[in-house]
Amino acid sequence: MLGNILNIRSGWRSPLLPLLLFLLTVAAYASPGDLDLSFNSTGFVTTAVTASADEANAVAVQTDGKIVVAGYSANRTGFALVRYTSSGALDTTFGTGGIVTVSFAAAEVRSIAILADGKIVVGGYASSINFSNRSFVVARFTESGALDTTFGGGDGITTTSIGLRSEVFGITVQPDGKIIAAGSTASGGPDDFAVARYNSDGSLDTSFNSPTGYLTTNFGSSEEGTAVKLQNDGKIVVSGNSGAGNRVNVARYNTDGSLDTTFDSDGKVSTVLLTNPRSMAIQSDGKIVVGGSDNDYCLVRYNSNGSLDSTFDTDGIVCTTVSNPSLLQGIAIDLSGKILATGFTIFGKNDQDIFLSRHLADGSLDPAFDGGDGIVTTSLGTNGDRSFAIAVQSDGRIVLAGSLLDTNRDFAVARYQGAAPTAAPATLGGRLTDQSGNGIPHVGVVLSGGSLSQPLTAITNSFGYFNFYDLQTGQTYIVTPDSGRYTFTPNSLVINFTEEFLAANFVGVE
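Treat the numbers as computed from the prediction; the structure is a model and nothing was measured.

Moving on, we get to the state of the cysteines. All chains considered together, the criterion is met by 1 disulfide. The partner cysteine of Cys 298 in its disulfide is Cys 319, sulfur to sulfur 2.1 Å. Disulfide Cys 298-Cys 319: torsion about the S-S bond near 105 degrees, hence right-handed. Residue Cys 298 is located in strand β20 (residues 297–302), and its partner Cys 319 is located in strand β21 (residues 317–320); the two are separated by 21 residues in the primary sequence.

Let us now look at the sheet that holds strand β32 (residues 465–471). Taken in spatial order, the 4 strands line up as β32-β29-β36-β34 in an open sheet, and their pairing is mixed. Each end of this open sheet is capped by a strand with a single partner; those strands are β32 and β34 (487–489). Each strand axis lies, on average, 25 degrees off the axis of its neighbour in the sheet, ignoring direction. As paired elements, strand β29 (residues 426–434) and β32 share 5 bridges and run antiparallel to each other. Each bridged residue has a counterpart across the sheet, and for Arg 431 the counterpart in β32 is Tyr 465.

The next thing to look at is unusual backbone geometry. Along the chain, Ser 210 connects to Pro 211 via a cis peptide bond; the corresponding omega equals 5 degrees. Relative to the elements of secondary structure, Pro 211 occurs in the loop between β12 (192–198) and β13 (214–217). Cis geometry is adopted by the peptide bond preceding Pro 490, which originates at Thr 489 and carries an omega value of -5 degrees. For Pro 490, the location among the structural elements is in the loop between β34 and β35 (493–497). The backbone of Arg 76 sits at a positive phi, close to 65 degrees, despite the residue not being glycine. Among the secondary structure elements, Arg 76 is positioned in the loop between β3 (67–73) and β4 (78–84). The exposure class assigned to Arg 76 is partly exposed, which follows from its relative accessible area of 27%. Located in the positive-phi region is Asn 209, a residue other than glycine, with phi close to 50 degrees. Counting through the fold element by element, Asn 209 comes out in the loop between β12 and β13.

Thresholds applied
Per chain, residues are indexed from 1 in the order of the written sequence. Where totals are concerned, whole chains, interfaces and linings use all residues; where local detail is concerned, this predicted model gives features only for residues with pLDDT of at least 70, and gives and counts side-chain atom pairs only at 80 or more. Side-chain measures here rest on the full set of heavy atoms in the structure, leaving out hydrogens and waters. When two cysteine sulfur atoms lie within 2.5 Å, the pair is treated as a disulfide. Put simply, DSSP marks the helices as runs of H or I at least four residues long and the strands as runs of E at least two long, and each gets a number from the N terminus on. Being paired, for any two strands, means DSSP has found at least two bridges between them. Each axis is a line fitted through C-alpha atoms, and for a helix only the stretch in contact is used; angles between axes span 0 to 180 degrees, taken between their N-to-C directions. Between buried and exposed lies partly exposed: a residue is buried under 20% and exposed over 50% of the maximum accessible area for its type, with that area taken using a 1.4 Å probe on protein chains only.

See below:
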């Protein structure tokens, strides 16, 4: 394309040429961690929702690339949603000029999800003016930003009072369209985890912890459930904090709402750590990552059975200093399986910047992110810039949402370069034979390297063939036969795996 642009007859210059050259230069030199300058030309955009304090707490990306950000407006007197096009402009097909507000006496959106049909679900709380009574609130909007009258009895909103003070911090949607909201509740005593499940029409699902449709879980202190995720098997994972600020709490529930006793024997695990967990992600291998902060930010990774993962910095815990303090607010898994963390640094009372970091599978900072140290900090032009939420686009770019501590505390959205999508998974295989060409059965073959969190083993069949299925391409793997009876040539193979490869062959000698 560049050659075609430059092949222009003498004496004529396209008015688009400077812009095209600029974009090509950006594309050529952009690397993971750089602001994406194709987004509003600066990599970020700010929006004044009202003339009072507004803040974005949640972000989601639609399948068409549009970005929906949600939080509160007018100093917590209503829900606020803003939708941007993929280029960072306000989407004028949504609400009024790209903005939707819903008034409450006192309310805030904390979480967001996009349904398969394009509708938007948000979760938060609404309360009395003095904040003494709070209730779970789940609202659903159409693609155009109108409250969905097929949800919540006709007004698009459903409200649940689990206790005297109930708040939604996290929300997710099952494949069958049922909505799970998680947060905290209290009735004059310590807070407990609170989880509710709603049918697609907004009514409580009474098959969940029958007959109520909701449940509470106590860890022995005062706790808030701050994040909820679904596993591939449908089990529900909720993470959060303790009121004392010194524990990471995680609970896993079966699909009926009962605690899953295969998770740390009672469905609950607590890890003593001076941190305040705010976010969670589940890796493709089922491991659970919880993030929080005190002065440093910390990531805690659990195996699928609830034990701490010793392959993650040897003890399952990684703590990172950005500044003192740095407050982690969101984590996500990128397209390459690496862990992203975001929040904001505090250098002084009114001096705050956004941070974004990327960690490798062992918990160490990724030196390929932001040119060496794995952490990027960004000032959006005010003394107080905050990031509260993170999402990863299908093309790998990273979207952060938060606010500016300016006069109005405007919504702020930033987009960064991330991990590019890789090709579809493929099969790697081969055969073990003896010197006569006969297959060697029942021998283990070990696969390591790439993005694997641990080696895989395949057993040769009766003809000596083995296969590893659904491997990520664009990786380098090592294949090694493991036998006490045979010595193989070669000892191992290093394979740059770009497509299906079925010729990882070895010859064995007894």
